Amino acid sequence: MSRYKKMFQRKNILKEGCFVPFVVIGDPSLETSMKIIDALIENGSDALELGIPFSDPLADGPIIQKSNLRALSNNYSMLKYFKIIQILREKYLNLPIGILLYANLIYSQGIEKFYQQCSKSGIDSVLIADVPIEEYDIFYKYANQFNINSIFICPPDAEEKFLNQLSLYAKGYIYLLSRPGVTGIKEKIVSISNKFIEKIKKYNTLPILQGFGIKNAAQVKKSILSGTNGVICGSAIINIIEKNLNTEKDMIKKIKDFSFKLIKSTK
Amino acid sequence: MTLLNPYFGEFGGMYVPQILMPALYELEKNFVSIKTDKIFQKKLLHLLHNYAGRPTPLTLCKNLTNGTKTRIYLKREDLLHGGAHKTNQVLGQAMLAIQMNKKEIIAETGAGQHGVATAIACALLNLKCRIYMGYKDIERQKPNVFRMKLMGAKVIPVKNGSGTLKDACNEALRDWSSSYKYSYYMIGTAAGPHPYPRIVKEFQKMIGEEAKQQILEKEKKLPDSIIACVGGGSNAIGIFTDFINEKVNLIGVEPAGKGVNTGKHGAPLSFGKKGVYFGMKSYLMQDKEGQIQKSWSISAGLDFPSVGPEHAWLNSTKRAQYVSITDEEALEAFTILSQKEGIIPALESSHAIAYALKIMNLYPNKNQIFIVNLSGRGDKDIFTVSKIFKNRKQL
């Protein structure tokens, strides 16, 4: 059974929602980045979504873009990122680990080689932010060959035709957008209705994680009450990193305090 | 399913966040319907003739070619209202936006020519308009920024990333992904996700149609070569389209900047690699890890790290040939055309002129006819050039 499946089953039995943090590997440095990840996991995160830094992350807002650029300024290679993930995998054997990246990073090294590396590093899922389902076939082929879950984004106004398509492709979980636009914490969240979530569930049996704009405990509670299986939280955490770049200890403490509050509200 | 093929060979496609797919489908559907909508086409033609100034002339450069057997004609898009070919397609796209009931226009601009053209169309057709522009380009292109503002556009400085065109493109796409319900993204070149490369081509193809008719009238035969500069590639695809099935050499000129070996250039077709960026699969400037690299050109309008997918395809099938011209060569052509013909070309177009002159000088005794697309006028560039000349104590 896949790590995602096991994790979601366990949370279902406990009647709890999931908390999945998103951070960019290498921001602000690999060392600090590892400490942040350790803190998030030790605090009780249920899975990990890791961004692989890209120069032009157009599905992301300014907070995550800056995070990407900070990481890139360190000049780490893709191979290094894969090695770091491998270390995480050895340390956290059962934790689902997903990566989020942009298509050109995959193209430049070859699609097959990329998924092979993912499999070797113990990655469970891949989300390609600039590849819609319509362009996914070639990626899907190799993802399946190497047993990597392909994560797809479901817009908040998705029509039935798309939900149907999603049911044919999605694996692991469905990433439900809180609102249109890019990642970030400034924009207002469109309230997602229980009815819409029921509609997604009519077509898909996969768990649903809500992302984009999650920044407080009330939103997490609301999301789970509306029928999702949990939330993905990125910009709010990365905002703490950005605001405490020169004080690593404070940064980690603040991330711990913040994530603790959100994790508590999933129970 | 798309109504039109989103690909040119293996290039093109729709590489955007899922959230934008319905917006692209809606755009495509409307684009297909206006292509056969007689009222739409009549209104657009009326604007092109009575507002923009089409057809533009085809000018023979007699002084420039003196002593050779080469005949160089310039397709005078510099004489179009707005001073560049950009006006053709913004009028088309603005009318398409109105057809789609979108009241707000988003655009990005590098040199400011597309921004100015967008501001013109929006002022004329009463559309609200915001234009993203890298803060470095705002500094480089002050007169165009003033023009845009004067015509009522909101110019938004982009400070993210390198602060140039590529960042403005990203920012405009981000804006569109939250506002597509009421706003229309007016891409400035024949690049980006499908259907943009086809839309821009459709609204620029009259350049080639007119040029063909004009050259047949003047020379009673087709030219040997069509030469056009290529940044994103809209003026080039505009003049190439009607000649693709003819026995005519199609030559695209990319900016070699400070030299292709310096890394400071904007020639992805000649020196880039295949990849995915800005919604499409095409050639792009990237490092070995797949990170997009900054491009460079003396001409901000050519300073783009990728190129429209149809050019990538024409290059791969060898139907068109892509060459590159350095900043220095372009500057020289800029000066020569000004001095010999009394026409100040845009630095973009100077690249195409430079290549025509290079071939003319290489084969002075060969009977050959070139059409060079003079995609824009050089008024916007005189500050850049005068600064360089001042430093060199030239002029």
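Going by an unreviewed UniProt entry, chain B carries the name Tryptophan synthase beta chain and comes from Buchnera aphidicola. Looking at chain B in UniProt, the text filed under Catalytic activity (unreviewed entry) is "(1S,2R)-1-C-(indol-3-yl)glycerol 3-phosphate + L-serine = D-glyceraldehyde 3-phosphate + L-tryptophan + H2O". Database annotation for chain B, UniProt heading Sequence similarities (unreviewed entry): "Belongs to the TrpB family."

An unreviewed UniProt entry annotates chain A as Tryptophan synthase alpha chain originating from Buchnera aphidicola. In its Function (unreviewed entry) section, the UniProt entry covering chain A states "The alpha subunit is responsible for the aldol cleavage of indoleglycerol phosphate to indole and glyceraldehyde 3-phosphate." Per UniProt, the comment on chain A under Sequence similarities (unreviewed entry) is "Belongs to the TrpA family."

A word on the interface of chain A and chain B. Think of interface size as the accessible area that goes away when the parts come together; that is how it is often given. With 36 residues of chain A at the contact, the number on the chain B side is 33 residues. At the boundary of chain A with chain B, total buried surface from both sides reaches about 2800 Å², with 51% on carbon and sulfur atoms. Interface area lost by chain A to chain B is led by D56, L58 and E135 of chain A, which between them contribute 22%. Put simply, chain A and chain B have two salt bridges between them. Among the salt bridges present, the one from D157 of chain A reaches K181 of chain B, with a minimum N-O distance of 3.1 Å.

The side chains of a regular strand alternate, residue by residue, between the two faces of the sheet. All names here are of chain A. Taking every second residue as pointing to the same face, both faces of strand β8 (residues 208-211) are buried, with I208 and Q210 on one and L209 and G211 on the other. Both strand β7 (residues 174-177) and β8 contribute to a ladder of four bridges, which runs parallel. Pairing of L177 across the sheet is with G211, part of β8. In the classification by handedness, the crossover that spans β7, the intervening helix α9 (residues 194-203) and the parallel β8 is right-handed. Two strands pair when backbone bridges link them, and β8 and strand β9 (residues 230-233) are joined in this way by two bridges, in the parallel orientation. Pairing of Q210 across the sheet is with V231, part of β9.

Definitions and cut-offs
- Residues numbered from 1 in each chain as written.
- Chains lettered and ligands numbered in written order.
- Predicted model: local features only at pLDDT ≥ 70, side-chain atom pairs only at ≥ 80, totals over all residues.
- Heavy atoms only, no water.
- UniProt positions renumbered as here; feature names shortened; annotations may be inferred.
- Contact = heavy atoms within 4.5 Å.
- Buried area = accessible area lost by both parts, 1.4 Å probe.
- Salt bridge = Lys/Arg side-chain N within 4 Å of Asp/Glu carboxyl O.
- Buried < 20%, exposed > 50% of the residue type's maximum accessible area, 1.4 Å probe, protein only.
- Helix = DSSP H or I, 4+ residues; strand = E, 2+ residues; numbered from the N terminus.
- Pairing = 2+ DSSP bridges.
- Right-handed = clockwise from strand over helix to strand, strands pointing away.

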